[in-house]
Amino acid sequence: ICCKMFRLVVVAHPDDEGLGFGGAGVNYVNNGDQIQPLILCGDVNARTLRPSNEELKKDTYDASVILGFEKPILGSFPNLKMNIIPHLEIVQFIEKYIIEYMPDFIYTHHPNDLNDDHQIVSKACMAASRIYQRRNQNKRIKGLYYMEILSSTEWALNNAQNNFHPNYFVNIEDSLERKVKALQSYKDVMRESPHPRSIECLEALSIFRGSQSNFKKAEAFQIAFQTD
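Residues numbered from 1 in each chain as written. Predicted model: local features only at pLDDT ≥ 70, side-chain atom pairs only at ≥ 80, totals over all residues. Heavy atoms only, no water.

### A look at the overall build of the protein
Thinking step 1. Tallying secondary structure elements over the protein gives six helices and seven strands in all.
Thinking step 2. In the protein, the succession of α and β elements from N to C terminus is β-α-β-α-β-α-β-α-β-β-α-α-β.
Thinking step 3. Taking 228 residues into account, the globule formula puts the C-alpha radius of gyration at 17 Å, and the protein, at 16 Å, falls close to it.
Thinking step 4. With respect to the three principal axes, the spread of C-alpha positions in the protein is 50 × 40 × 40 Å.
Thinking step 5. Just so you have it, the protein exposes about 10,900 Å², and 49% of that area is on carbon and sulfur atoms.
Thinking step 6. Computed over 25 positive and 28 negative side-chain charges, the separation of the two mean positions in the protein equals 5 Å. (Helix = DSSP H or I, 4+ residues; strand = E, 2+ residues; numbered from the N terminus. Rg over C-alpha atoms; globule rule 2.2 N^0.38 Å. Areas by Shrake-Rupley, 256 points an atom, 1.4 Å probe, with all protein chains shown as cover. Lys, Arg positive; Asp, Glu negative; His and termini not counted. Charge placed at Lys NZ, Arg CZ, Asp CG, Glu CD.)

### Some thoughts on unusual backbone geometry
Thinking step 1. Cis geometry is adopted by the peptide bond preceding proline 194, which originates at serine 193 and carries an omega value of 15 degrees.
Thinking step 2. Mapped onto the elements, proline 194 comes out in the loop between helix 5 (176–184) and helix 6 (199–213).
Thinking step 3. Even without glycine at this site, leucine 80 takes up a positive phi of about 65 degrees.
Thinking step 4. By relative accessible area, which is 51% here, leucine 80 ends up exposed.
Thinking step 5. Even without being a glycine, serine 151 presents a positive backbone phi close to 80 degrees.
Thinking step 6. For serine 151, the position within the fold is in the loop between strand 5 (143–147) and strand 6 (168–171).
Thinking step 7. Among the residues examined, serine 151 registers a relative accessible area of 13% and is labelled buried. (Buried < 20%, exposed > 50% of the residue type's maximum accessible area, 1.4 Å probe, protein only.)

### Digging into the side chain of glutamate 17
Thinking step 1. Within the secondary structure layout, glutamate 17 lies in helix 1 (residues 16–30).
Thinking step 2. The exposure class of glutamate 17 is buried, given its relative accessible area of 1%.
Thinking step 3. Not counting residues up to four positions away in its chain, the partners in contact with glutamate 17 are Val9, Val11, Gly22, Ile39, Ala63 and Tyr186. (Contact = heavy atoms within 4.5 Å.)

### Some words on the pattern of salt bridges
Thinking step 1. Overall, the coordinates contain seven salt bridges when judged by the stated rule.
Thinking step 2. One salt bridge connects lysine 179 with glutamate 219, and the closest N-O pair in it is separated by 2.6 Å. Of this pair, lysine 179 sits in helix 5 while glutamate 219 sits in strand 7 (residues 218–226), placing them 40 residues apart in sequence. Just as lysine 179 is buried, glutamate 219 falls in that class too. (Salt bridge = Lys/Arg side-chain N within 4 Å of Asp/Glu carboxyl O.)

### Quick look at the nonpolar core
As a rule of thumb, soluble globular proteins bury nonpolar side chains together.
Thinking step 1. Grouped together as the largest cluster of nonpolar side chains are 31 residues, with contacts concentrated most on Phe21, Tyr28, Ile35, Tyr107, Met147, Leu202 and Phe221.
Thinking step 2. Looking at this core, the elements with two or more residues in it are strand 1 (6–11), helix 1, strand 2 (34–39), helix 2 (53–67), strand 4 (105–109), strand 5, helix 5 and helix 6.
Thinking step 3. By residue number, the principal contributor to this core is helix 1, which donates six residues.
Thinking step 4. Apart from residues lying up to four places away in sequence, leucine 202 is in contact with Leu19, Leu150, Lys179, Val180, Leu183, Met190 and Pro196. (Core = buried A, V, L, I, M, F, W, Y, C linked by side-chain atoms within 4.5 Å.)

### Brief notes about the packing of helix 2 against helix 5
Each pair of packed helices gets described by two things: the angle between the helix axes and the distance between those axes.
Thinking step 1. Running from N to C, helix 2 and helix 5 cross one another at 170 degrees; their axes reach a closest spacing of 8 Å. Classified by the interaxial angle, the pair formed by helix 2 and helix 5 is roughly antiparallel. The handedness of the crossing between helix 2 and helix 5 comes out as right-handed. The segment helix 2 lies against helix 5, with Ala63, Ile66 and Leu67 engaging Arg178, Lys179, Lys181 and Ala182.
Thinking step 2. Counted by class, the contact of helix 2 with helix 5 contains four nonpolar, no polar and three charged residues. (Axes fitted to C-alpha atoms, helices over the stretch in contact; angles between N-to-C directions. Parallel < 35°, antiparallel > 145°, perpendicular 65-115°, else oblique. Left-handed = near helix turned anticlockwise from the far one by under 90°. Nonpolar A, V, L, I, M, F, W, Y, C, P; charged D, E, K, R; others polar.)

### Some details on the environment of glutamate 154
Thinking step 1. For glutamate 154, the location among the structural elements is in the loop between strand 5 and strand 6.
Thinking step 2. Sequence separation between glutamate 154 and leucine 144 is 10 residues; the distance between their C-alpha atoms is 20 Å.
Thinking step 3. Within the structure, the side chain of glutamate 154 is placed 3.4 Å from the backbone nitrogen of serine 152, a separation counted as a polar contact.
Thinking step 4. Of note is the side chain of glutamate 154, whose polar atom sits 3.4 Å from the side chain of tryptophan 155. (Polar contact = N/O pair within 3.5 Å; in protein donor to acceptor, adjacent residues only side chain to side chain.)

Spelled out as structure tokens, the structure:
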């Protein structure tokens, strides 16, 4: 199938790509699009219950195979220590792959997530997405979207005015099962209900977002910018 659109998913940690974009990504892959995950903290050394390096890498690759995504690019930025890395270094890392792949669309974290790494990656991605203003790029990015990550986005309790406000919805009625299966390939990521990263909560969120958009199940995004 000829690739129709190229979509770059820029996230902080392994599993973020599935939590925030797994359902929509399956739909786009089925439509012939190419999805490239870019995971900046590829080894998440500070993660609790973390498996071995090889197990984590295998889990990450297995999840992408299940979703139909391209082989993930794994950065080596320090988990939960992104705040000690110069902003420019993170921006340039993302820019490198924007230049290489020239994506049509980019998806990243919401800038007001509770997780500091998410915030930093989001802000760096916003800056990197404006690369066409600094370089003579023939191809323009058509849209930048914020995703929601359960156990982070909804935990941003303060400053509600700037929290996640979805205004773009993708029907995932037929792709939620693959999203869940991909997330289950990560050891110790999924939890028992009522933890937000439980199967029950993932499905409940999809039903709630579907009710907001006249779908049975949906994944929600917030448009940062979008062009015709």
